[in-house]
Amino acid sequence: MAQYNKQSPYSKTSTVGDYLDVMTHRSIVHDRDDETYIIEAKYNMRPDLLSYHVYGSSKYWWLFAVRNKNVIIDPIQDFKAGVTIRIPKLENVR
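Bear in mind that the values here come from a model prediction, so they are computed numbers and not experimental data.

Enquirer: Is there a simple way to explain the pairing of strand S4 (residues 84-87) in this structure?
Expert: Covered by surrounding structure in S4 are Ile 85 and Ile 87 only, the residues Thr 84 and Arg 86 on the alternate face being uncovered. Note: strand S3 (residues 35-38) against S4, four bridges, orientation antiparallel. In the strand pairing of S4, Thr 36 is matched with Arg 86.

This is the structure we're talking about:
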C-alpha cells in the first residue's frame, strides 16, 4: 500500500496494484466551535487561497469540502462567494 502524506485527502485510501482504490474519506471531528464563514468574493472558486489564509498552507483546501459535504459537492465549482461553510480547526483533523 502506498503511503501518502498525512496532509493528503488520500491518506486513508488503499491501493490496488499501482492504482488507488475507491477513496476512503478522512473523518473530521465536527466541533461546535468550528468557525462559521461566508465565502468572500476574493476566495470565489479558490479554496486553496482560503486554506492558506486560515491554516498557513494551501494543502488543506480539501478540508472545506469534507467538512461541508451537504454544501460543497464539487470542491472548486461549489466554492462560491456568499456560500456559508464551517471551517474545522486543524487540530481536529490531525
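Enquirer: Sorry if this is basic, but what is going on with unusual backbone geometry here?
Expert: Excluding glycine, residues mostly have negative phi values, and the peptide bonds linking residues are mostly trans. Located in the positive-phi region is Met 45, a residue other than glycine, with phi close to 55°. Among the structural elements, Met 45 can be located in the loop between S3 and helix H1 (47-55).

Enquirer: Help me understand the environment of Val 83, please; the structure alone is not making it clear to me.
Expert: By the secondary structure assignment, Val 83 is in the loop between helix H2 (62-67) and S4. What makes Val 83 partly exposed here is its relative accessible area of 22%. Those residues in contact with Val 83 that sit more than four places away from it in its chain are Tyr 37, Ile 38, Ile 39, Val 71 and Asp 78.

Enquirer: Even after reading the chapter, I still don't get H1, so can you show me in this structure?
Expert: What sets the pattern is the α-helix's 3.6 residues per turn: residues three or four places apart point alike. When we look at burial in H1, the residues that qualify are Pro 47, Leu 50, Ser 51 and Tyr 55. Buried residues in H1, looked at end-on, bunch into an arc of 105°, giving them a common side. Pointing more than 90 degrees away from the buried face of H1 are the exposed residues Tyr 52 and His 53. Where H1 terminates, the next one or two residues include Gly 56, which has phi positive at roughly 80°.

Enquirer: Looking at this structure, how should I read the nonpolar core?
Expert: A general trend in soluble globular proteins is that nonpolar side chains are found buried together. Membership of the largest hydrophobic core comes to 18 residues, with the highest contact counts inside it found for Leu 50, Leu 63, Phe 64, Phe 79 and Ile 85. Contributing elements (two or more residues each) for this core: H1, H2 and S4. Here this core takes five residues from H2, the largest share from any one element. The residues contacting Phe 64, other than those within four sequence positions of it, are Pro 47, Leu 50, Ser 51, Tyr 55, Ile 72, Phe 79, Ile 85 and Ile 87.

Enquirer: What should I look at first to understand the side chain of Ser 51 in this one?
Expert: Along the chain, Ser 51 turns up in helix H1. Judged by relative accessible area, Ser 51 falls into the buried class, the value being 0%. In contact with Ser 51, other than residues within four places in its own chain, are Gly 56, Ser 57, Ser 58, Lys 59, Tyr 60, Trp 61 and Phe 64.

Enquirer: Would you take a moment to explain the pattern of salt bridges for this structure?
Expert: Two side chains carrying opposite charge are able to pair once their charged atoms lie near each other. In total, this model carries three salt bridges according to the counting rule given. Residue Arg 67 is joined to Asp 34 by a salt bridge in which the shortest nitrogen-to-oxygen separation is 2.8 Å. Taken together, the residues Arg 67 in helix H2 and Asp 34 in the loop between strand S2 (19-20) and S3 connect sequence positions 33 residues apart. With a shortest N-O distance of 2.7 Å, Asp 48 and Arg 46 are connected by a salt bridge. Residue classification places Arg 46 among the partly exposed positions, given a relative accessible area of 35%.

Cut-offs applied
Residues numbered from 1 in each chain as written. Predicted model: local features only at pLDDT ≥ 70, side-chain atom pairs only at ≥ 80, totals over all residues. Heavy atoms only, no water. Buried < 20%, exposed > 50% of the residue type's maximum accessible area, 1.4 Å probe, protein only. Helix = DSSP H or I, 4+ residues; strand = E, 2+ residues; numbered from the N terminus. Pairing = 2+ DSSP bridges. Contact = heavy atoms within 4.5 Å. Arc of directions from axis to C-beta. Core = buried A, V, L, I, M, F, W, Y, C linked by side-chain atoms within 4.5 Å. Salt bridge = Lys/Arg side-chain N within 4 Å of Asp/Glu carboxyl O.

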